[in-house]
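# Commentary on secondary and tertiary structure
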Amino acid sequence: MSMKIAIAGSGNIGKTLARHWQAAGLDVQFTGRDRILELASASDVLVLSVPWEAAADVLSKAGDLTGKIIIDCTNPVLPALEGLSVTGHDSAGEQIQRLAPNAHVVKCFNTLGWAMIGPGADGFYCGDDAEAKQKVATLVAAAGMRPIDAGPIRNARYLEAMAMLWIDLAIKRGRGATFTFRLQDAS
Ligand SMILES: NC(=O)c1ccc[n+]([C@@H]2O[C@H](COP(=O)([O-])OP(=O)(O)OC[C@H]3O[C@@H](n4cnc5c(N)ncnc54)[C@H](OP(=O)(O)O)[C@@H]3O)[C@@H](O)[C@H]2O)c1
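Each helix and strand in the protein chain was counted, giving 6 helices and 7 strands. Ordered by position in the sequence, the α and β elements of the protein chain form the string β-α-β-α-β-α-β-α-β-β-α-β-α. Computed over C-alpha atoms, the radius of gyration of the protein chain comes to 15 Å, within 12% of the 16 Å expected from 2.2 N^0.38 for 187 residues, which places it in the range of a compact globule. Its C-alpha atoms put the protein chain at 45 × 35 × 30 Å along the principal axes. Buried positions account for 43% of the 187 residues belonging to the protein chain.

Here it is, written out as structure tokens:
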């Protein structure tokens, strides 16, 4: 798979994805704060693993994203983890698609804690472009995870709510960060 991947955000999520993808032999680079334009322009995929509040800033610096895939990992979590700042008939994923209308936004890697990204976890993803989703599914698999197609980008509102439930269970209910949601078909 010859995909060039630029990762904006080299924190927990960005570093973990890079580690898995580099182990799988993929071409991955971090944009840092000052190489966003250069690396986004040279890449097929831009990963947004920055705080939600920084997403618009990154996009404004990324240049022409026409036809590129944006993997949106963000969750618009309120301070003190009291809930989501974008709710109802909208989501961070949908806002990012509106901010970058010529790119193909795929929401992914937001429904589990960073330490659980890897073999055994389900990777729920949603987006509007079938080819972009197929490519992101291969990146989910390259991280050792099972790709689960969760529908159009409109369903980002559900994936973000799912993430909020994960955060609530992990932190407020004291379950800890070592669990994931897994889709289980009845046999
Ligand atoms: N942590 C999780 O388990 C988890 C799980 C699912 C989804 N998420 C979501 O994934 C995103 C990243 O989470 P994280 O835990 O990886 O965060 P993090 O460890 O705090 O890392 C955030 C990264 O974003 C960079 N950044 C911040 N503002 C920026 C800007 N304006 N331009 C460029 N880079 C910027 C930071 O750079 P500096 O070091 O220079 O500040 C840092 O490298 C968040 O939206 C979060 O809600 C997190």
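Let us now look at helix α6 (residues 156–172). Over its 17 residues, α6 runs 23 Å from end to end, which matches the ideal 24 Å to within 8%, given 1.5 Å per residue. Along α6, the residues that are buried comprise A156, R157, L159, E160, A163, M164 and W166. Close packing links the buried residues of α6 with α4 (92–99), β5 (104–108) and β6 (122–127). Within two residues after α6, G174 carries a phi angle of roughly 75°, on the positive side.

It is worth spelling out the sheet that holds strand β1 (residues 4–8) at this point. Read from one edge of the open sheet, 7 strands run β2-β1-β3-β4-β5-β6-β7, paired in mixed fashion. Both outer strands of the open sheet, β2 (27–30) and β7 (146–149), are each paired with one neighbouring strand and no more. Adjacent strand axes in the sheet meet at a mean angle of 25° when their direction is disregarded. Both β1 and strand β3 (residues 45–48) contribute to a ladder of 4 bridges, which runs parallel. Bridge pairing in β3 places I7 opposite V47.

Bringing the nonpolar core into the picture now. Within the largest apolar cluster, 54 residues are counted, with the highest numbers of intra-cluster contacts made by A8, L46, V47, L48, I70, I71 and V136. Considering each element in turn, this core owes the most residues, 5 residues, to α6. The contact partners of L48, leaving out residues within four places of it in the chain, are A8, G9, A55, V58, I70, I71, D72, C73, T74 and I96.

The next subject is helix α5 (residues 130–142). In this model α5 runs 18 Å from its N-terminal to its C-terminal C-alpha over 13 residues, within 8% of the 18 Å that 1.5 Å per residue would give. Every buried residue of α5 is accounted for by A132, K133, V136, L139 and V140. End-on view of α5: buried residues confined to an arc of 115°, all on one side of the axis. Set apart from the buried face of α5 by more than 90 degrees, the exposed residues are A130, E131 and Q134. Here the buried face of α5 lies against α1 (12–23), β4 (69–72), β5, β6 and β7. The first or second residue beyond α5 is G144, which carries a positive phi of 85°.

Turning our eyes to something else, we now look at the pairing of β7. Pairing of β6 with β7, which is carried by 4 bridges, proceeds in the parallel orientation. Bridge pairing links D122 to R146 in β7. A crossover links β6 with its parallel partner β7, the connecting element being α5, and its sense is right-handed.

Attention now goes to the environment of G88. Mapped onto the fold, G88 is located in the loop between β4 and α4. Remark: the alpha-carbon pair of G88 and Y158, spanning 70 residues in sequence, is separated by 9.7 Å.

Parameters at a glance
Residues numbered from 1 in each chain as written. Predicted model: local features only at pLDDT ≥ 70, side-chain atom pairs only at ≥ 80, totals over all residues. Helix = DSSP H or I, 4+ residues; strand = E, 2+ residues; numbered from the N terminus. Rg over C-alpha atoms; globule rule 2.2 N^0.38 Å. Buried ≥ 20, exposed ≤ 12 C-beta atoms within 10 Å, placed from the backbone. Expected span 1.5 Å × (residues − 1). Contact = placed C-beta atoms within 7 Å. Pairing = 2+ DSSP bridges. Axes fitted to C-alpha atoms, helices over the stretch in contact; angles between N-to-C directions. Core = buried A, V, L, I, M, F, W, Y, C linked by C-beta atoms within 7 Å. Arc of directions from axis to C-beta. Right-handed = clockwise from strand over helix to strand, strands pointing away.

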